[in-house]
Every structure is written in structure tokens, then in C-alpha cells.
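Coordinate inspection notes
Chain residues, written in single-letter form:
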Amino acid sequence: MAMTLAEELRLTFELASMRQEAKHIQTPRQWAMANDIGLQARKLRDTERRLFVERYDSRVEAAQRRLIDEGARQRREFNPAGTGTDRFDRAAINRQAQRDVRAAHDRRLTRIDRIELRELRMLVLQSGRENAIQGLARTDFNQASDRRAGPDRRRSGPE
């Protein structure tokens, strides 16, 4: 089933916002992971687009054969043999096959976008947890080492 316009916009917006959030990652390891995710998604998209162009004709032919086979199935219609209309329309089958091939291509691209979104979301959440822990440790250390906050701990022994 094709995505509605609202679903497509939501996916595009979420992916763009996750890419933007991924730019604010702080550690080099997390940067490398975000770059790898983006690079892998770009490669998959490029490969899918290239294969779509290269194999378009053969995919349309396969879809036409499938549609013709579906049309040739026996249906339980209570009409005398030899009456009725011929449902075979070569132009209609060709148009439907082309629509099916384009829809399958769009579904594959959408699947790549969703995988990239899921991976980036997990990375951003993980980096947020890691960075929050690092910041918490730094804050606790600064509070513990602040000499103005309490008695001077450098002295040892009675005064």
C-alpha cells in the first residue's frame, strides 16, 4: 500500500530532524557511527536507483506476465461460455505494470529511509545517555572538589 502524503512528509521531516540532531553528537566514535549510517543509506539509495534504471524493462515485463496470469485465472462467473467481454487490454496491463514497478521502487526507497531513521534515532538516544552520564560525573566531581563549598579538606589532623 502506498504511503499517504502526510505519512511521507512525517517520515521526511523525522529523518531530516534526526540528521540534524546527529550533527550535535560530541564524541568522535559517535560521529563515525553517524557518518557510517548516512554513507550506508546513501549507497543503498544509489544502488536502488541504478538498478531501477537498469532493470526497469525486465521488471515491467515480469509485472505484465504476473498481471496476465492473474487475469487468466478462472473466475466463478455464471455466464454462458463465449459470452461477456474480453478483459484483456494490452495498454491497461502495460500501464498497471509500470505503476506497480514504480510503486515497488518507492517502497524500497522508503524502507531504506526508515532503516536510516531507526539507526540514527538509536544512535542519538545512546549518545544522549552517554553524554548525560559524562556531564553528571563532571558535575559531581566539580562539586566534590570545590573548596568553597565546605571545610578545607587539605588539612589533615587537629587544628
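Attention here is on the structure that accompanies the text. Everything quoted here is computed from the prediction, not taken from an experiment. (Residues numbered from 1 in each chain as written. Predicted model: local features only at pLDDT ≥ 70, side-chain atom pairs only at ≥ 80, totals over all residues. Heavy atoms only, no water.)

Some details on helix 1 (residues 5-22)
Over its 18 residues, helix 1 extends 26 Å from the first C-alpha to the last, a length consistent with the 26 Å expected when each residue adds 1.5 Å. Taken together, the buried positions of helix 1 are L11, L15, M18 and A22. The buried residues of helix 1 all sit within an arc of 65° when viewed along its axis, so they share a single face. Relative to its buried face, helix 1 has exposed residues pointing more than 90 degrees away, namely L5, L9 and F13. (Helix = DSSP H or I, 4+ residues; strand = E, 2+ residues; numbered from the N terminus. Expected span 1.5 Å × (residues − 1). Buried < 20%, exposed > 50% of the residue type's maximum accessible area, 1.4 Å probe, protein only. Arc of directions from axis to C-beta.)

So, the nonpolar core
Among the nonpolar cores identified, the biggest contains 11 residues, and these are L11, L15, M18, A22, I25, A34, I37, L117, L120, L123 and V124. For this core, the elements supplying multiple residues, two or more each, are helix 1, helix 2 (28-72) and helix 3 (90-145). Residue contacts for V124: discarding those within four places in its chain leaves M18, E21 and A22. F52, V60, A97 and V101 belong to the second largest nonpolar core, which has eight residues in total. (Core = buried A, V, L, I, M, F, W, Y, C linked by side-chain atoms within 4.5 Å. Contact = heavy atoms within 4.5 Å.)

Focus on the side chain of S127
With respect to the helices and strands, the residue S127 is situated in helix 3. Within the structure, S127 has its side chain in polar contact with the backbone oxygen of V124 (distance 2.9 Å). S127 has contacts with I25 and Q30, leaving out every residue within four places of it along the chain. (Polar contact = N/O pair within 3.5 Å; in protein donor to acceptor, adjacent residues only side chain to side chain.)

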